[in-house]
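Each chain is listed here by its residues.
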Amino acid sequence: MIELIVETRCTACNICVEVCPRDVLSPREGQPPIIAYQVDCQTCFLCELYCKTDAIYVHPDATQAHPQNAEILEASGLLGEYRRNSGWDEWSVHEELRNQHWRMEDVFRRARSP
Amino acid sequence: MKFSSSLRLEADVLIIGGGLAGCWAAITAAQTGARVVVAEKGYCGTAGVAASAGPGHWFIPPDGTLRRDAIARRLETAQGLGDADWMETIIDRTFRTLPTIASHYRYTQDDNGKVRYHALRGPEYLRALRQKALDCGVTVLDHSPALALLRHGDTSIAGATGVSLKSGHDQWIVRSGATILATGGCAFRSHLLGSANNTGDGLLMAADAGACFSGMEFSAFFTIVPANTTMARTMIYSFARYYDAAGHELERPPGSHDNSFLARALKKGQVFCDLSGVPEDIRRQLPQISPNVPITFQRLGIDPFSQKFPVSLVGEGTIRGVGGIRVMDRHSGCGVPGLYVAGDVASREPVTGAISGGGAVNAAWALSSGCIAAEAAVAYTRRQRRSLKEPVTLPEYEAIAGDSTAVEHAVQREMLSPNKQYFRTASSLKQSSQALEDAWERLSLGDVHQAGARARLRHQELKALTAVARWCTASALARKESRGLHYRCDAESVAMPAHILSGGLAKPWTRSVPAKVPS
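Residues numbered from 1 in each chain as written. Chains lettered and ligands numbered in written order. Predicted model: local features only at pLDDT ≥ 70, side-chain atom pairs only at ≥ 80, totals over all residues.

J.: Pulling in residues and values, what's your account of the overall build of chain B?
T.: Scanning chain B for helices and strands turns up 15 helices and 15 strands. In summary, chain B has a C-alpha radius of gyration of 22 Å against a globular reference of 24 Å for 519 residues, a match within 12%. Overall, chain B is about 70 × 55 × 50 Å in size when its C-alpha atoms are taken along their principal axes. The buried share among the 519 residues of chain B stands at 56%. By sequence separation, contacts in chain B at least 24 residues apart represent 76% of the contacts at least 6 residues apart. (Helix = DSSP H or I, 4+ residues; strand = E, 2+ residues; numbered from the N terminus. Rg over C-alpha atoms; globule rule 2.2 N^0.38 Å. Buried ≥ 20, exposed ≤ 12 C-beta atoms within 10 Å, placed from the backbone. Contact = placed C-beta atoms within 7 Å.)

J.: Could you give an account of the nonpolar core, naming the residues involved and the relevant values?
T.: All names here are of chain B. Membership of the largest hydrophobic core comes to 184 residues, with the highest contact counts inside it found for Val13, Ala25 and Ile180. The element that contributes the greatest number of residues to this core is helix α11 (residues 358-384), accounting for 14 residues. Residues in contact with Ala25, not counting those within four places in the same chain, are Ile15, Ile180, Ala182, Ala342, Gly370, Cys371, Ala373 and Ala374. (Core = buried A, V, L, I, M, F, W, Y, C linked by C-beta atoms within 7 Å.)

J.: Which residues make up the interface of chain A and chain B, and what values go with them?
T.: Tallying the contact residues gives 34 residues for chain A and 43 residues for chain B. Elements with a contribution of two residues or more to the side of chain A that touches chain B: α1 (15-19), α2 (46-50), α4 (81-85) and α5 (104-112) of chain A. Among the elements that make up the side of chain A that touches chain B, the one with the highest residue count is α5 of chain A (five residues). When the residues that make up the side of chain A that touches chain B are grouped by side-chain class, the tally is 17 nonpolar, nine polar and eight charged. (Nonpolar A, V, L, I, M, F, W, Y, C, P; charged D, E, K, R; others polar.)

J.: So what's going on with helix α15 (residues 453-478) of chain B? Residues and values would help.
T.: With 26 residues, α15 of chain B should reach 38 Å at 1.5 Å per residue; the first-to-last C-alpha distance of 38 Å fits that figure. Judged by how many residues are buried, α15 of chain B sits mostly within the fold: 22 of 26 residues are covered. (Expected span 1.5 Å × (residues − 1).)

J.: Outline the sheet that holds strand β11 (residues 309-315) of chain B, listing residues and values.
T.: Strands belonging to one sheet form pairs held by backbone hydrogen bonds; the direction of such a pair is parallel or antiparallel. Residue and element names in this part refer to chain B. One open sheet accounts for four strands, arranged β8-β11-β10-β9; its pairing is antiparallel. A strand with exactly one partner marks an edge of an open sheet, and here the two such strands are β8 (222-226) and β9 (241-244). The mean inter-strand angle of the sheet, taken between neighbouring strand axes irrespective of direction, is 45°. Note that β8 and β11 share five bridges and pair antiparallel. Looking at the pairing, Val225 lines up with Ser312 of β11. Strands β8, β9, β10 (271-274) and β11 of the sheet are contacted by helix α6 (residues 260-268), whose axis makes an angle of about 115° with β11. (Pairing = 2+ DSSP bridges. Axes fitted to C-alpha atoms, helices over the stretch in contact; angles between N-to-C directions.)

J.: Please give an account of the packing of helix α12 (residues 405-415) of chain B against helix α14 (residues 426-443) of chain B that cites residues and values.
T.: Residues and elements named next belong to chain B. Contact geometry for α12 and α14: axes closest at 9 Å, N-to-C directions at 165°. As summarised for this structure, α12 and α14 are arranged roughly antiparallel, according to the angle between their axes. In terms of crossing hand, the pair formed by α12 and α14 is left-handed. In this structure, α12 uses Val407, Ala410, Val411, Arg413 and Glu414 to contact α14, whose residues at the interface are Ser432, Ala435, Leu436, Asp438, Ala439, Arg442 and Leu443. Of the residues assigned to the contact of α12 with α14, the class counts are seven nonpolar, one polar and four charged. (Parallel < 35°, antiparallel > 145°, perpendicular 65-115°, else oblique. Left-handed = near helix turned anticlockwise from the far one by under 90°.)

J.: Please provide a residue-by-residue account of the sheet that holds strand β7 (residues 213-214) of chain B, values included.
T.: Residues and elements named next belong to chain B. Pairing within the open sheet is antiparallel, and its four strands lie in the order β12-β7-β14-β15. Each edge of the sheet is formed by a strand with only one pairing partner; in this case those strands are β12 (324-325) and β15 (509-514). The pairing of β7 with β12 spans two bridges and is classified as antiparallel. Directly across from Phe213, in β12, lies its bridge partner Ile325. Its contacts with the sheet place α15 against β7, β14 (498-503) and β15, and it is angled at close to 145° to β14.

The quantities given are spatial measurements derived from coordinates; they are silent on function.
So, in structure tokens, the structure goes:
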């Protein structure tokens, strides 16, 4: 579930409020959005992908909350990893981050071959 | 109840649901010059199960006997319930249409410099579909779940109404010449990736309008995830080995989709997955193939290639299953005038038969049925030329139940139990059926009349997923044999393949009809 919007990174652009398929977030005037309905989060990570300042952290556990600490997260290097590996926005110029989704069928084929 | 303000729009075609099927329907209808509105429960662009996955598509060039051979193979796995004409139709439609997304999707070349048009990463694909729809002039209502279809006096469909979760309005009303349901399948709120909005709302609305279902018994499908997560991406598990808590390796039966061996083992205790067999180069490529897979492990503090990790099974219901609204003709109609169906909300029996279509056939179906429904809807509205001002009655919303969690859990205890679903018997199904009737009854004991948009939506979703559970269970009881995804421990042998139709709200009904004999 979504755990934290890091206040020092958030620019209150509210794109996460808009793209969240589950309407988990509520906007606030000039401030980071509030995680208003955490239990409704479907742990799809898509808000992170759309956050250009990598301010959002979603924990993979969909069954219970795992409260996070902003400083520890900053130090962990985990923020923004999904957007970077997807080659979105400024990462699109990096050849090594190019979309390789097309390999999937080859991987399946390789697993089937003895 | 009364809403304080309403957004009112008119359209030639209204599409309910803005996922893969709904977007292709919107683009196709708008390209004919029709006025198109998409009403999406969440956000068109991140909506639907494809958005967080990576759909391949059934994509075969019209070369030599390639298509004929592919259809012959599919007909065999369909176990008598497939339809060669529909298969040919979606192969052809997908092959012609999918490459047109290159206007908005940034395809990359493979190692041989070739573009593989059929393989798209979900978030980028749905983002591209949204933008293409907007560029075609489609009006998109995000955060606007539909709650009811509108009907003319002659019972044909006149549009729909729903609530707005984010705009200044509480309610929306769209009057349309034709309406397409593209609301997806139902996974009963399992933790399947991207499926929490897929509660079967479209099936409930269709049943209310008089449509029926087919293949609802083909809904016993469970996918492996790292325990407690949603990450149901299957690619790396094709190299997996599984162990019980004592460290004994589980025997994996042939057939990659059958996870019943894990269901058996999970009943006894934890199951651990070993991915040390994934080749080095694939490990390195994984972040750029499926970027959401490695971040899941990273955040759990697991190195999946050197540490065994616990797994669980998430239910896929009618999403990776088959059943849905019965398609009655070659135009994606469902027997209700003015109403068309596209994607997972429709039964995919014509193209998959008794087994799951997997990602590729299901995505090709979503795209093709979306395009076909759109063309039929446009033709219908042009033929009818009916006034959008004709008076219709707005629905009276029922009182909602104060405590819905108990009902949701009751449904999940039946539908999300891998054991109950993989190993069905007449007696287990009758028990499920009774539990579901109790849940349905509790839903009708509502006492809250003044509910906000969000509470009203949640009530509607719960009603829909309970209704879907009842049709799945009734159909599973009616199919006394084992076939495809439907396994009965007490199977009787049945000679002729038949479809199980179902429907009904007050009391679910089923009917068996012989399958079309292939010519």
